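Structural characterization, general
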Amino acid sequence: MENCKKTALFNAHESCGGKVIDFAGWALPVQYEGIIPEHEAVRNASGLFDVSHMGEVEVKGPQAADFVQNLVTNDISTLVDNQVMYALMCYPEGGVVDDLLVYKFNNEFFYLVINASNVDKDYQWMLDNKNNYNVKLKNVSDEVSEVALQGPKAQEILQKLTDTNLDDIKFFFCNREVMVGGIKCLVSRTGYTGEDGFEIYASNKDISAVWSKLMEVGKELGLKPCGLGCRDTLRFEATLPLYGNEITKDITPLEAGLGIFVKLNKENFIGKDALVKQKEEGLKRKTVGFELLDKGIPRHGYEVMADGKVIGVVTTGYMAPTVKKSIGLALIDAAYAELETPLEVVIRNKPLKAKVISKKFLNKNYKK
Amino acid sequence: MNVLKDLLYTKDHEWIKVEGEKAYVGITDYAQHALGDIVFVELAEVDTALSAGDAFGAVESVKAASDVYIAVSGTVIETNEAVVDDPSLLNQDAYANWMICVTISDKSELDGLMNAEQYEAHCK
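Just so it is clear, the model here is predicted, and its values are computed rather than measured. (Residues numbered from 1 in each chain as written. Chains lettered and ligands numbered in written order. Predicted model: local features only at pLDDT ≥ 70, side-chain atom pairs only at ≥ 80, totals over all residues.)

Quick look at the overall build of chain A now. Secondary structure assignment for chain A yields eight helices and 20 strands. Taken over the C-alpha trace, chain A has a radius of gyration of 21 Å; the compact-globule value for 368 residues is 21 Å, and the two agree within 12%. With the principal axes as the frame, chain A shows a C-alpha extent of 60 × 50 × 40 Å. Across the 368 residues that make up chain A, the buried fraction comes to 49%. Within chain A, residue pairs in contact and separated by at least 24 positions form 67% of the contacts whose partners lie at least 6 positions apart. (Helix = DSSP H or I, 4+ residues; strand = E, 2+ residues; numbered from the N terminus. Rg over C-alpha atoms; globule rule 2.2 N^0.38 Å. Buried ≥ 20, exposed ≤ 12 C-beta atoms within 10 Å, placed from the backbone. Contact = placed C-beta atoms within 7 Å.)

Another point: the interface of chain A and chain B. Counting residues at the interface gives 12 residues for chain A, matched by nine residues for chain B. Listing elements by their share of the side of chain A that touches chain B, those giving two or more residues are helix H2 (35-44), helix H7 (228-237) and strand E17 (309-319) of chain A. Of the residues belonging to the side of chain A that touches chain B, the class tally is six nonpolar, four polar and two charged. (Nonpolar A, V, L, I, M, F, W, Y, C, P; charged D, E, K, R; others polar.)

Core analysis: the largest hydrophobic core is formed by 141 residues, its most contacted members being Val68, Val102, Val147, Leu149 and Ile200 of chain A. Sequence-distant contacts of Val147 of chain A, that is, excluding residues within four places in its chain, are made with Leu48, Phe49, Asp50, Val51, Ile200, Ile207, Val210 and Trp211 of chain A. (Core = buried A, V, L, I, M, F, W, Y, C linked by C-beta atoms within 7 Å.)

Residues and elements named next belong to chain B. The strand order across the open sheet built from six strands is E1-E2-E3-E9-E8-E5, with neighbouring strands paired in antiparallel fashion. Pairing within the sheet leaves two strands with one partner each, and these edge strands are strand E1 (8-9) and strand E5 (49-50). Bridging between strand E2 (residues 14-19) and strand E3 (residues 22-27) involves six bridges; their strand directions are antiparallel. When the bridges of E3 are listed, Val18 appears paired with Ala23. (Pairing = 2+ DSSP bridges.)

Our focus in this paragraph is the domain arrangement of chain A. Note: interface size is frequently given as the accessible area lost on complex formation between the parts. Taken as a whole, chain A is organised into domain 1 (5-52 + 143-237), domain 2 (55-139) and domain 3 (284-357). Relative to domain 3 of chain A, the C-alpha centre of domain 2 of chain A lies at a distance of 34 Å. (Domains from an automatic or database assignment.)

The strands making up a sheet are joined through hydrogen bonds of the backbone, oriented either antiparallel or parallel. Residue and element names in this part refer to chain B. Taken in spatial order, the three strands make up an open sheet running E4-E6-E7, and their pairing is antiparallel. Two strands close off the open sheet at either side, each with one partner strand: strand E4 (38-43) and strand E7 (65-69). Neighbour-to-neighbour, the strand axes of this sheet turn through a mean angle of 20°, independent of strand direction. Where E4 lies against strand E6 (residues 55-61), five bridges are found, and the strand directions are antiparallel. Following the sheet pairing, Leu43 is matched in E6 by Gly57. (Axes fitted to C-alpha atoms, helices over the stretch in contact; angles between N-to-C directions.)

Another point: the environment of Thr316 of chain A. Residue and element names in this part refer to chain A. Within the secondary structure layout, Thr316 lies in strand E17. Among the residues examined, Thr316 registers 23 C-beta atoms within 10 Å and is labelled buried. When the C-alpha atoms of Thr316 and Asp75 are compared, they prove to be 28 Å apart, with 241 residues separating the residues in sequence. Ignoring anything within four residues of it in the chain, the contact list for Thr316 reads Phe236, Leu242, Asn245, Glu246, His300, Gly328 and Leu329.

Moving on, we come to the environment of Trp125 of chain A. All names here are of chain A. Within the secondary structure layout, Trp125 lies in helix H4 (residues 119-128). By the C-beta count within 10 Å, which is 18 here, Trp125 ends up partly exposed. In sequence terms Trp125 and Val288 are 163 residues apart; their C-alpha atoms lie 30 Å from each other. Excluding residues that lie within four positions of it along the chain, Trp125 makes contacts with Met89 and Val97.

Let's shift gears to unusual backbone geometry. Residue and element names in this part refer to chain B. For His13, which is not a glycine, the phi torsion comes out positive at approximately 75°. Positive phi is not limited to glycine here, since Asp47 has a value of about 85°. Summarising the element assignment, Asp47 is placed in the loop between E4 and E5.

Another aspect to go through is helix H3 (residues 64-71) of chain A. Residue and element names in this part refer to chain A. Of all eight residues making up H3, six are buried, and the element is well covered by its neighbours. What H3 keeps buried is the set Ala64, Ala65, Phe67, Val68, Gln69 and Leu71. Looking at the buried positions of H3, the neighbouring elements they touch are strand E5 (55-60), strand E6 (83-90), strand E7 (96-106), strand E8 (109-114) and H4.

A separate point is the pairing of strand E10 (residues 144-150) of chain A. All names here are of chain A. By the criterion of burial, E10 is predominantly enclosed, with seven of the seven residues buried. Note: strand E4 (residues 46-50) against E10, four bridges, orientation antiparallel. When the bridges of E10 are listed, Asp50 appears paired with Val147. Two strands pair when backbone bridges link them, and E10 and strand E13 (residues 197-203) are joined in this way by seven bridges, in the antiparallel orientation. Of the residues in E13, the one forming a bridge with Ala148 is Glu199.

Have a look at this one:
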């Protein structure tokens, strides 16, 4: 752990009793009180996460919009100022470099938020694809800290610390000048839990004050500090993909079921030709939801079988805390993707009964 | 961390309580704490013949699955279905809630195990 990078909130984690682990080279809490109570706090009240390990890249210049439009799969030409969009960066072969949030501050200034484990790779990828675009790229990951305030009480809690009317920050919009307890923050109504909530960005020196002020005013509304453990169970129940699980360089967004974030009709973007071809030829693999019918818990990497042969692999699985079922996502041979198709998941060398179910495990509680 | 005096321990954090020719096996307080909320327990079936070092089941937290190993050879004569039905019992009291009971086939295998004092040192 000595070799891990520490976020500006490291001391807060230790004093809150966080169980710190190495996550992508960062010393971060996997849990405080426990994954289940933290998961439930986010579904029923609110939770606060340190997500300072996320990477941020600024894209500035006259051709910022054109550069981003070429870089990502979604159509950013539809964005207005201060709107946020989920998108993916793909390789020319169609596999995923990373998924990201694209913040449009204005036509000449975009802000890209990327996964911690991919920061160096992503930034290099952006530089490699800068070509002749008149833009300046700056990796500001080490200067920016971020917390995620998530759950049905998130707005009520944050509103106690700011004069900005949070009703004015709609789902997938942001405001760069929200004073949170006297500290200027970038605040977006975004998150990774399937609940209403905000992601709050501030400088490294200011984030501790933001964290402690939120904890202080949130306590009476049931706010709990939350670790990476429940971040994963929450995003999984909301069917939000995780890089390395549902999407990798060997899995395309179409195979991952993220086609709505891939605009094949836009002029051009890296990976378009391969994805158009894959769509025309029909998907050979699809990502499905499944429920385990026998007793057990499916996990990332377990084999999926049908008709006596291996037809795929579990990308994520859990005994889901809110859904209260043993469920998973699996990338499988498209021939077996119909709802109700019987499958088997191999757990400790035993094939256990499962069936394909809808990937909509949970009704998302977004405030739109 | 709680360590009981009259038990034997493995380096993988299982405990063994010897009663005549029988041995009760479970996981230690250290293990349940490290795992966090335990949500699933799977145990070898009665009559299974186990060799020292075999997995006799698995304990799963929300986050991960961990095999549990038996340090002595023997045949399973009883399983504790209470921990299968309610895995959180292991979090509540890891020593009161044994997992399997075996007949010991070779008592000399017990010699390699740690006593409470040694185990406490092992966990540091």
